[in-house]
Amino acid sequence: MPKTGTALEMLDQPLLKEETFSLLTPPYLQHLKTDGVTVCWITNKPAFSHVEYWLTDAPQDVKIQHTVRDGMVLANNTINKIRLPDLEPGQSYSYRVVSKEIIEFKAYSKTFGPTLTSETFSFHTIDPTSKTAALLVMNDVHDRPDSFAVLEGLYGSRAYQEVLLNGDTFDYQTGEQQLIDHLIKPCAAIFASNKPFMLMRGNHETRGDFAYALGKYFENIDDNAYFAFTRGPVFFVALDTGEDKADDADAYHGMAKFDEFREKQAVWLKTVLESAEAKKARYRVVLMHIPPYHSGDWHGTMHCRKVFGPVLANGHVDMVISGHTHRYGVHQAQEDHPYPIIIGGGPKEGQRTIVKVEANEDGLEAQLILETKDIVDRVLLKPHQLLG
Ligand SMILES: [Fe+2]
């Protein structure tokens, strides 16, 4: 006799169940500054959401923050990105996120479902008086979510302040589920609810129809694709090197304008390297997915060389950190590039690397660490004289 379920058993089958309201991700931090941070998370159904936060030392003083646009408090959404403003520099804050399901959103009435609250997490705002920097750089993860734990473990002390994903975290963009499964959840399980990551685009993040939606989920510093930030004695610049083929390549069907994008960045790069902030720094480090040298002769590399090469060479840049080639190594300073270029490894087991950057006023050390925990090579920089 064929086995048939009872009515009660049938109800337990997931297909028959109405999906319950849930947080699809833990909160993840973006755009950390001295005075603010952006808290992001995703719900499975439209909700009315906010962040509760407080100075860790003053838990009695809880503040609440929504996103407000032109007088309207943002609601009935699933992708949350809430900026916590007016924070004190160099302080520890605790926070949790709260989402209340909106079952029906009418002009004059709203029907709410359950309210969900995340665990409590904490973060530190940037201390502008800090004399140290600690950055964990990963590159070319290429849709391998298990790599994050392997790579993060290579840092050792866990004393990094932030993680910079230096391009090609994905093969191409397919949708929200990919972002959740291949980046947000694995990173939140390790660090991203307490320390932010910066998602720099490589040539692969520009591909796939969902590439247009990335900005809804992530927010880099100054909410820009390329940006600069000071951590302790280090002035970091992160560039978006765009696609690897010429804009008129068949693959892009006329939808690529990366030459002018890189040219615009080169003008900006010259300006930021001449800024008072850069001149005050003891070290200047540039992060860019496609290295301008040692990266073949495709258009992306050659155009990066053409537009960024002279600016980097004349801009007192101390080091460039890249990925892209899947061939890890350190290329010491030479005539073409009077600064060392570190290139991180590829996504395959045995080829995965991180770049561990730590600096104080006496020196900067960048270690290229293979997943075997061997230090492949390192760059040591002495602080140069202040230029300002
Ligand atoms: Fe790449």
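Since we're looking at a predicted model, the values are computed, not measured.

Thresholds, definitions, all that
- Residues numbered from 1 in each chain as written.
- Predicted model: local features only at pLDDT ≥ 70, side-chain atom pairs only at ≥ 80, totals over all residues.
- Heavy atoms only, no water.
- Donors = N, O, S within 2.8 Å, 3.2 Å for Na, K, Ca; no water.
- Tetrahedral: all angles 85-135°; square planar, octahedral: opposite > 155°, others 65-115°.
- Helix = DSSP H or I, 4+ residues; strand = E, 2+ residues; numbered from the N terminus.
- Buried < 20%, exposed > 50% of the residue type's maximum accessible area, 1.4 Å probe, protein only.
- Pairing = 2+ DSSP bridges.
- Arc of directions from axis to C-beta.
- Contact = heavy atoms within 4.5 Å.
- Core = buried A, V, L, I, M, F, W, Y, C linked by side-chain atoms within 4.5 Å.
- Salt bridge = Lys/Arg side-chain N within 4 Å of Asp/Glu carboxyl O.
- Axes fitted to C-alpha atoms, helices over the stretch in contact; angles between N-to-C directions.
- pLDDT = per-residue confidence, 0-100.

Before going further, it helps to examine the coordination of the iron ion. At 2.1 to 2.3 Å from the iron ion lie its protein donor atoms, namely D168 (OD), N203 (OD1), H289 (NE2) and H324 (ND1). Taken together, the four donor atoms coordinating the iron ion and their angles of 88 to 173 degrees define a geometry best described as irregular. When the donors of the iron ion are listed by position in the chain, the intervening gaps give D-x34-N-x85-H-x34-H. Here D168, found in the loop between β11 (162–166) and α3 (176–190), pairs with H324, found in the loop between β16 (319–322) and β17 (329–331); they are 156 residues apart in sequence, far enough to count as distant. The exposure classification of D168 matches that of H324, with both residues buried.

Here strand β20 (residues 363–370) runs beside strand β21 (residues 375–381); their pairing, made up of six bridges, is antiparallel. Across the sheet, E365 pairs through a bridge with L380, a residue of β21.

Of the residues making up helix α2 (residues 147–154), those classed as buried are S147, F148, L151, E152 and L154. When α2 is viewed along its axis, its buried side chains cluster within an angular range of 150 degrees and face the same direction. Along its buried surface, α2 packs onto β10 (133–138), β11, α3, β19 (353–360) and β20. Looking one or two places after α2, you find G156, whose phi comes out positive at around 90 degrees.

The nonpolar side chains of a soluble globular protein tend to be buried with one another. Core analysis: the biggest nonpolar cluster contains 33 residues, and Y28, L183, F197, Y217 and F218 have the highest contact counts within it. The element contributing the most residues to this core is α3, with six residues. Residues contacting L183, with those up to four places away along its chain left out, are F148, L165, T169, F170, Q178, F197, L199 and F218. If you look at the next biggest cluster of nonpolar residues, it comprises 27 residues, including I221, A238, V285 and I342.

Here we take up unusual backbone geometry. Unusually for a residue other than glycine, H142 sits at a positive phi of about 50 degrees. The residue H142 is located in the loop between β10 and α2 in this model. The exposure class assigned to H142 is buried, which follows from its relative accessible area of 5%. Even without being a glycine, H316 presents a positive backbone phi close to 55 degrees. With respect to the helices and strands, H316 occurs in the loop between α7 (299–314) and β16.

Before going further, it helps to examine the pattern of salt bridges. Where charged atoms of side chains with opposite charge meet at close range, the side chains can pair. The tally for this structure, following the rule as stated, stands at 15 salt bridges. The shortest N-O distance in the salt bridge between R96 and E52 comes to 2.8 Å. Note that R96 is positioned in strand β7 (residues 92–105) and E52 in strand β2 (residues 37–55), a separation of 44 residues in sequence. R96 sits in the partly exposed class, given a relative accessible area of 24%. A relative accessible area of 15% places E52 in the buried class. For R158, the salt bridge identified is with E152, shortest N-O distance 3.0 Å. The exposure class assigned to E152 is buried, which follows from its relative accessible area of 3%.

As summarised here, the arrangement of the six strands in space is β13-β14-β15-β16-β18-β17, forming an open sheet in which the pairing is mixed. A strand with exactly one partner marks an edge of an open sheet, and here the two such strands are β13 (227–231) and β17. Strand after strand, the sheet turns through a mean of 20 degrees between neighbouring axes, direction not considered. Alignment of strand β14 (residues 234–239) against strand β15 (residues 283–288), held across six bridges, turns out to be parallel. Paired with V237 across the two strands is V286, which belongs to β15. Sheet contacts for helix α5 (residues 258–273): β13, β14 and β15; angle to β14, the most-contacted strand, approximately 175 degrees. Sitting on the sheet, α7 is in contact with β14, β15 and β16, with an inclination near 175 degrees to β15.

Across the chain, the average pLDDT comes to 95, with 95% of residues at 70 or higher. Low pLDDT, under 50, characterises residues 1–11; the stretch is placed with three contacts to residues that sit more than four places away or in other chains.

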